[in-house]
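Summary of the model geometry
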Amino acid sequence: MLSNSSHFQESLDKRKEEGTLRRLKLQSDGIDFYSNDYLGFARSKELQYLLLQKITDNPQLLSGSTGSRLISGNSDIAVSVEKDIAQKHQFESALLFPSGYNANLALFSTLPSRHDTVIVDEQIHRSVHDGCKLSNAKKLKFKHNDLKDLKNILKKQKNHCYIAIESLYSMEGDFAPIREIASLASKYKASLIVDEAHAFGVFGYGLIEQYQLQHQISAAVITYGKALGSHGATILCRETVKSYLVNFASPFIYTTSAQDFQWMSIKTGYEFLDQNHHLAIQLQNNIKTFRSRNLQSPSAEASPVQAIIIPDNQRLKSLQDALSEEGFLTYAIYSPTVKAGSERLRICLHSFNTEEEIVKLTGIIEEFIEN
Ligand SMILES: Cc1ncc(COP(=O)(O)O)c(C=O)c1O
């Protein structure tokens, strides 16, 4: 016991020295350039009142589900919301989860068998890595968005392969070449799994829907804690895959179902999204304003996540502090979360940011970089 806790303290002290110690902080007041609330749904009074009305009409929504969905925790609402979501995304079926983390854990711990190989983009979300750890499959990484590297790896595999990508990456703010990867997957008979956490809502129902790639995808993960301003996730897939997950995915089977209120919030979020297309347009206008300021960034033109590389943990911290003093909330990503030398300020743009805020924010960054 003692030796363990001294190891804990050593690791914490090391992080403190490096300036990378994580702490739980309360949200501070300020101008939001760091949250995933891309369309402002989480702050929308209109959406809050819609949800309140649902609860007033049916207070039962707030009650506990009483068990796993396979025992007493299933409900008409969960089933009908899944049916609705599958239809909207034009997939055969959908399976709800309490979070995107759980959805990825379920997918990657369950679908690949010990004879399979999972090939992940080197920037894939941690939840995919953790899912792989729970499976017995071999895991390989390909260089970020590098089709050539992916092809080389695929060529050498004798076993069945799964390819794991995000459609829009949250650290770099760039898109996967999703159509090209889908073609490669078809060519090598690999199963493609796409995480749409950051694209959903910002680009309609996501990039799979926009490019109509449903038939080339084995499973997609949609999360509702970002643009939908809610919480939860769905795995979109074929009926057989859903049934396989329901039978074999521990993160689905051995946990109490979320309350119906969560599923109802997701349903209401979709309705709100369908009625408020202008918010995604407003967001794109704000991204254009940001990009017009000509800061160097590896991020894509249309991405709501814009990264500014400040290679040095201390310098990065000074910039974040300088912005914070002016009331701007941004998020600094230090090594080792990203490679040393590629430390970055992560700026999330929203539909509700004003032109004035964006101009002031970029002005401070520009001045900092020049000095
Ligand atoms: C790409 C990606 N996948 C999955 C998740 C996990 O989703 P959730 O926050 O709903 O657990 C996140 C959130 O950080 C994410 O960015």
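Residues numbered from 1 in each chain as written. Predicted model: local features only at pLDDT ≥ 70, side-chain atom pairs only at ≥ 80, totals over all residues. Heavy atoms only, no water.

Section: the pattern of salt bridges
To keep things clear, this is the line we draw: A side-chain nitrogen of Lys or Arg and a carboxyl oxygen of Asp or Glu constitute a salt bridge if their distance falls within 4 Å. In DSSP terms, a helix is any run of H or I states spanning at least four residues, a strand is any run of E spanning at least two, and both are numbered starting from the N terminus. Relative accessibility thresholds used throughout: buried, under 20% of the residue-type maximum; exposed, over 50%; partly exposed, between the two (1.4 Å probe, protein chains only).
Inspection of every chain in the model, using the stated rule, returns 10 salt bridges. Between glutamate 271 and lysine 54 there is a salt bridge; the shortest N-O distance is 3.8 Å. Placement of glutamate 271 in helix α11 (residues 260-275) and of lysine 54 in helix α2 (residues 45-57) is noted, with a sequence separation of 217 residues between them. On the accessibility criterion, lysine 54 (23% relative accessible area) is partly exposed. As a salt-bridge pair, lysine 317 and aspartate 321 come within 3.3 Å of each other at their nearest N and O atoms. Residue lysine 317 and its partner aspartate 321 are both found in helix α13 (residues 313-325); the two are separated by 4 residues, about one turn of the helix.

Focus: the pairing of strand β7 (residues 219-223)
For the record, the criterion: Strands pair, by our definition, only if DSSP identifies at least two bridges between them.
Counting buried positions along β7 gives 5 out of 5 residues, so the element sits mostly inside the fold. Burial of β7 is two-sided: the residues Ala219, Val221 and Thr223 facing one way and the residues Ala220 and Ile222 facing the other way are all buried. Pairing between strand β6 (residues 191-195) and β7: 3 bridges, direction parallel. Residue pairing in the sheet places valine 194 in a bridge with alanine 220 of β7. Sheet analysis places β7 next to strand β8 (residues 233-237), joined by 5 bridges and oriented antiparallel. Note on β8: the bridge partner recorded for alanine 220 is leucine 236.

Description of the sheet that holds strand β9 (residues 305-309)
We count it as follows: Simply put, an axis is a line fit to the C-alpha atoms, just over the touching stretch for a helix, and the angle between two N-to-C directions goes from 0 to 180 degrees.
The strand order β9-β12-β11 describes an open sheet built from 3 strands, whose pairing is antiparallel. Of all the strands in the sheet, the pair left with one neighbour each is β9 and β11 (331-333). Each neighbouring strand pair of the sheet contributes to a mean axis angle of 30°, computed without reference to strand direction. Taken together, the 5 bridges between β9 and strand β12 (residues 344-348) define a ladder with antiparallel strand orientation. Among the inter-strand pairings, alanine 307 is bridged to a residue of β12, identified as arginine 346.

Some points on the domain arrangement of the protein chain
Put simply, the rule reads: Note that the domain bounds were set by an automatic or database domain assignment. Whether two residues are in contact is decided by their heavy atoms, any of which lying within 4.5 Å being enough. Each of two parts loses accessible area, computed with a 1.4 Å probe, when they are put together; buried area is these two losses added.
As assigned here, the protein chain comprises domain 1 (21-39 + 277-370) and domain 2 (62-275). One C-alpha centre belongs to domain 1, the other to domain 2; they are set 27 Å apart. Between domain 1 and domain 2, the contact holds 22 residues from the first and 18 residues from the second. Here domain 1 and domain 2 share an interface that buries about 1600 Å² over both sides, 57% of which is from carbon and sulfur atoms. Linking domain 1 to domain 2 there are 1 salt bridge. Between arginine 344 and glutamate 172 there is a salt bridge, with its nearest N and O atoms 2.6 Å apart.

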